[in-house]
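Understanding the architecture of this molecule
Read off the chains here:
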Amino acid sequence: MSRVLIVGAGLTGSICACLLRRELPNKVKIVVWDKSRGSGGRMSTSRSPNNSACTVDLGAQYISATPYYARIHSSFYEELLAQDILKPLVAPVENMMSKEEGIMNYVTPHGVSSIVKHYLKESGAEVLYDRHVTHIHRKDTGWEVCHKGGASQQFDIVVLTMPVPQILQLQGDVESWCELQWTDVFLDIEAKLQQIN
Ligand SMILES: Cc1cc2nc3c(=O)[nH]c(=O)nc-3n(C[C@H](O)[C@H](O)[C@H](O)COP(=O)(O)OP(=O)(O)OC[C@H]3O[C@@H](n4cnc5c(N)ncnc54)[C@H](O)[C@@H]3O)c2cc1C
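Attention here is on the structure that accompanies the text. Note that the structure is a prediction, hence the values are computed from the model and not measured. (Residues numbered from 1 in each chain as written. Predicted model: local features only at pLDDT ≥ 70, side-chain atom pairs only at ≥ 80, totals over all residues. Heavy atoms only, no water.)

**Some remarks on the packing of helix α3 (residues 74–82) against helix α4 (residues 113–123)**
- Put simply, α3 and α4 touch, their axes get as near as 12 Å, and they point 100 degrees apart. Between α3 and α4, the interaxial angle falls into the category roughly perpendicular. Counting all contacts with α3, which are made through F76, E79 and L80, the residues of α4 involved are I115, H118, Y119 and E122.
- When its residues are assigned to classes, the contact of α3 with α4 shows four nonpolar, one polar and two charged. (Axes fitted to C-alpha atoms, helices over the stretch in contact; angles between N-to-C directions. Helix = DSSP H or I, 4+ residues; strand = E, 2+ residues; numbered from the N terminus. Parallel < 35°, antiparallel > 145°, perpendicular 65-115°, else oblique. Contact = heavy atoms within 4.5 Å. Nonpolar A, V, L, I, M, F, W, Y, C, P; charged D, E, K, R; others polar.)

Pasting the structure below:
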């Protein structure tokens, strides 16, 4: 079974893990590593140590869907609305600026990280925290990935979902891969996925 590492347990990493699982059920072992102590990234929710019902969203606080994205991502919105993870924002927000006509805003009754948690759960991935990736080396046809204070591990495919400045801080062979044409990188991923299929 092919081993896929997704670095980052934010929205991009979690949705990537979920879509990969739905596309290739039982064909890949999906592992997610994040340097933090929990999931969410810039969509994280903190709880009061004295009262777990008291939460605060530290990054994104609501989700805006323009008419275009509401249409092309309708299945995502329908799924999250059906599970009460999203609810339409109905309360008026003073001085709220809308950049476009027809934008729908949604809130997350269980905190914004509930979106990320939903996709991680759906993915069935092994999710490991306190895994700060530092080096990535090309090894045979796959990748050797090192994290702070731990032994390196090998994966067939590595998906980096952290912001670009953090990707560029990685040591090893990532920089030389970034210099490749993006089409070459996509062709490589496509070829690997075809092998898995
Ligand atoms: C203050 C604020 C308000 C916002 N408001 C809104 C809003 O109202 N509506 C909206 O839609 N969006 C909003 N956004 C944007 C939204 O939060 C982001 O677009 C989205 O969360 C990005 O998700 P991501 O998974 O791409 O990246 P991230 O959430 O940044 O996830 C990347 C993950 O990678 C991990 N990581 C980084 N480097 C490493 C490493 N070397 N090894 C292992 N793990 C690593 C990080 O810990 C992080 O968890 C807001 C953002 C901020 C900061």
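**As for α4**
- Of all the eleven residues making up α4, eight are buried; the element is thus mostly covered by neighbouring parts of the structure.
- Considered for burial, the residues of α4 that qualify are S113, S114, I115, V116, H118, Y119, L120 and S123.
- Buried residues along α4 sit against α1 (11–23), β2 (28–33), β3 (45–47), β5 (63–65), α3 and β8 (126–128).
- Once α4 finishes, G124 follows within two positions and takes phi at roughly 65 degrees, a positive value. (Buried < 20%, exposed > 50% of the residue type's maximum accessible area, 1.4 Å probe, protein only.)

**Quick look at the nonpolar core**
- Counting residues in each nonpolar core, the largest one holds 25 residues, and the members touching the most others are I30, V32, I63, L86 and I115.
- Listing elements by their share of this core, those giving two or more residues are β1 (2–7), α1, β2, β5, α3 and α4.
- Among the elements that make up this core, the one with the highest residue count is α4 (four residues).
- Residue contacts for V32: discarding those within four places in its chain leaves I6, G8, A9, A17, L120, A125, E126, V127 and L128.
- Within the second largest apolar cluster, 15 residues are counted, among which are V31, V145, M162 and I167. (Core = buried A, V, L, I, M, F, W, Y, C linked by side-chain atoms within 4.5 Å.)

**Notes on the environment of I136**
- The topology assignment puts I136 in strand β9 (residues 133–139).
- For the pair I136 and R42, spaced 94 residues apart in sequence, the C-alpha separation works out to 24 Å.
- Apart from the residues within four sequence positions on either side, I136 is in contact with W143, E144, V145, V158, L160, L170, Q171, G172, D173 and V174.

**Focus on the packing of α1 against α4**
- Contact geometry for α1 and α4: axes closest at 8 Å, N-to-C directions at 30 degrees. By the angle between their directions, the pair α1 and α4 is classed as roughly parallel. When you trace α1 past α4, the crossing you get is left-handed. Residues L11, S14, I15, A17, C18, R21 and R22 of α1 touch α4, and the partners they reach there are I115, V116, Y119, L120, E122 and S123.
- When the residues that make up the contact of α1 with α4 are grouped by side-chain class, the tally is eight nonpolar, two polar and three charged. (Left-handed = near helix turned anticlockwise from the far one by under 90°.)

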